[in-house]
Amino acid sequence: NGYEQSAVIVVRVLEGNYSGELNNNITIISSLDISIIGDGQGMTIIDGKDVDWFLNILSWNGIVKIANMTIVNVTKNYVDAKLYNQMPAISIENGAIVEIDNIEFIRCHGTEGGAIYSEVILSVNNSYFFNNGDSNNGAAIKNTGTLTVNNSTFIANHAKYYSTIYNDGILLLE
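Okay, so let's go over this structure. (Residues numbered from 1 in each chain as written. Predicted model: local features only at pLDDT ≥ 70, side-chain atom pairs only at ≥ 80, totals over all residues. Heavy atoms only, no water.)

Details of the overall build of the chain
Link 1 in the chain: For the chain, the count of helices and strands is two helices and 19 strands.
Link 2 in the chain: What you see for the chain is a C-alpha radius of gyration of 15 Å, in line with the 16 Å of a compact globule of 174 residues.
Link 3 in the chain: Principal axes of the C-alpha set define a box for the chain whose edges measure 45 × 35 × 30 Å.
Link 4 in the chain: A buried classification covers 48% of the 174 residues belonging to the chain. (Helix = DSSP H or I, 4+ residues; strand = E, 2+ residues; numbered from the N terminus. Rg over C-alpha atoms; globule rule 2.2 N^0.38 Å. Buried < 20%, exposed > 50% of the residue type's maximum accessible area, 1.4 Å probe, protein only.)

Written out as structure tokens, the structure reads:
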């Protein structure tokens with residue numbers, strides 16, 4: 001019950017490969033500040049095994065930070081699997097402020113935004129997006145909120161429309 005008394009929660013994810021139950025398909029519903037911090041790209045690996053998504057953030061007025069990990073193989077290629085409503089690796093709704101730092105997204109296949117779908121204030125820093133997509137809109141990111149991208153690399157991401165980033169909000173590239 002300590003989390004009920006704290007306004008800040010830090011989850012430390014140690015080096016290793018994480019997949020399956022309790023490691024994917026996680027929904028955060030909170031107004032707390034939550035940080036999920038790994039040991040680094042290629043060291044802390046979240047693997048969806050072509051089935052699962054990682055995070056669905058439904059946070060109100062909280063700050064969520066995700067840092068220092070690799071997120072790979074999130075959901076099936078929806079075109080090949082003929083599944084037309086798949087979540088991306090990270091889906092963010094309802095007023096949160098989200099910071100993504102030093103995350104590697106590889107082979108994430110959400111229908112709207114291969115790796116990230118965002119309706120909120122989102123900053124993506126020092127991150128790497130490779131071979132994400134087969135999405136309708138936004139192979140790597142679909143944004144309808146405010147998105148800032150800083151010092152990040154996008155390689156070989158592909159979508160039916162609006163290739164790497166689909167933006168229907170505010171987009172700042174730094």
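From this point on, the discussion continues.
Considerations on the nonpolar core
Link 1 in the chain: Counting 34 residues, the largest nonpolar core has Ile57, Ile71, Ile90, Phe105 and Ile116 as the members making the most contacts within it.
Link 2 in the chain: At the level of secondary structure, the elements contributing two or more residues to this core comprise strand 4 (33–37), strand 6 (55–58), strand 7 (63–74), strand 8 (90–93), strand 9 (97–108), strand 11 (121–125) and strand 15 (146–150).
Link 3 in the chain: Once residues within four sequence positions are removed from consideration, Phe105 is found in contact with Ile71, Ala89, Ile90, Ile100, Ala115, Ile116, Tyr128, Phe129, Phe130 and Asn132. (Core = buried A, V, L, I, M, F, W, Y, C linked by side-chain atoms within 4.5 Å. Contact = heavy atoms within 4.5 Å.)

Section: the packing of aromatic side chains
Link 1 in the chain: Enumeration over the complete set of coordinates arrives at three aromatic pairs.
Link 2 in the chain: Note on Phe105 and Phe129: the rings are 4.8 Å apart at their centroids and 15° apart in plane angle, and the pair reads as stacked. Note that Phe105 is positioned in strand 9 and Phe129 in strand 12 (residues 128–130), a separation of 24 residues in sequence. Grouping residues by exposure puts Phe105 and Phe129 together as buried.
Link 3 in the chain: Seen from their ring centres, Phe129 and Phe154 are 4.6 Å apart, and the 10° between their planes marks the pair as stacked. Linking Phe129 in strand 12 with Phe154 in strand 16 (residues 153–155), this pair joins segments that are 25 residues apart in sequence. (Phe/Tyr/Trp six-rings, centres within 6.5 Å; stacked < 30°, edge-to-face > 60°.)

Re the pattern of salt bridges
Link 1 in the chain: This structure, assessed with the given rule, holds three salt bridges.
Link 2 in the chain: The salt bridge partner of Asp39 is Arg12, with a shortest N-O separation of 2.2 Å. Of the two residues, Asp39 is situated in the loop between strand 4 and strand 5 (44–47) and Arg12 in strand 1 (residues 8–12); the sequence distance between them amounts to 27 residues.
Link 3 in the chain: You can call Asp39 partly exposed: its relative accessible area is 26%.
Link 4 in the chain: In this structure, Lys49 engages Asp47 in a salt bridge whose closest nitrogen and oxygen atoms are separated by 4.0 Å.
Link 5 in the chain: Look at Asp47 and you get buried, because its relative accessible area is 14%. (Salt bridge = Lys/Arg side-chain N within 4 Å of Asp/Glu carboxyl O.)

Things to note about the environment of Glu112
Link 1 in the chain: Summarising the element assignment, Glu112 is placed in the loop between strand 9 and strand 10 (116–118).
Link 2 in the chain: On the basis of relative accessibility, which here comes to 23%, the residue Glu112 falls in the partly exposed class.
Link 3 in the chain: C-alpha separation for the pair Glu112 and Asp134, spaced 22 residues apart in sequence, amounts to 9.4 Å.
Link 4 in the chain: Filtering out sequence-adjacent residues up to four positions away, Glu112 remains in contact with Pro88, Tyr117, Asn136, Asn137 and Lys142.
Link 5 in the chain: Separated by 2.9 Å, the side chains of Glu112 and Asn137 make a polar contact.
Link 6 in the chain: A distance of 3.0 Å separates a polar atom in the side chain of Glu112 from a polar atom in the side chain of Lys142. (Polar contact = N/O pair within 3.5 Å; in protein donor to acceptor, adjacent residues only side chain to side chain.)

Looking at the pairing of strand 11
Link 1 in the chain: Buried residues dominate strand 11, accounting for four of its five residues.
Link 2 in the chain: Sheet analysis places strand 9 next to strand 11, joined by five bridges and oriented parallel. Within the sheet, the bridge partner assigned to Ile97 lies in strand 11 and is Ile121.
Link 3 in the chain: Two elements, strand 11 and strand 15, share five bridges in a ladder whose sense is parallel. Across the sheet, the residue bridging to Ser123 is Thr148, located in strand 15. (Pairing = 2+ DSSP bridges.)

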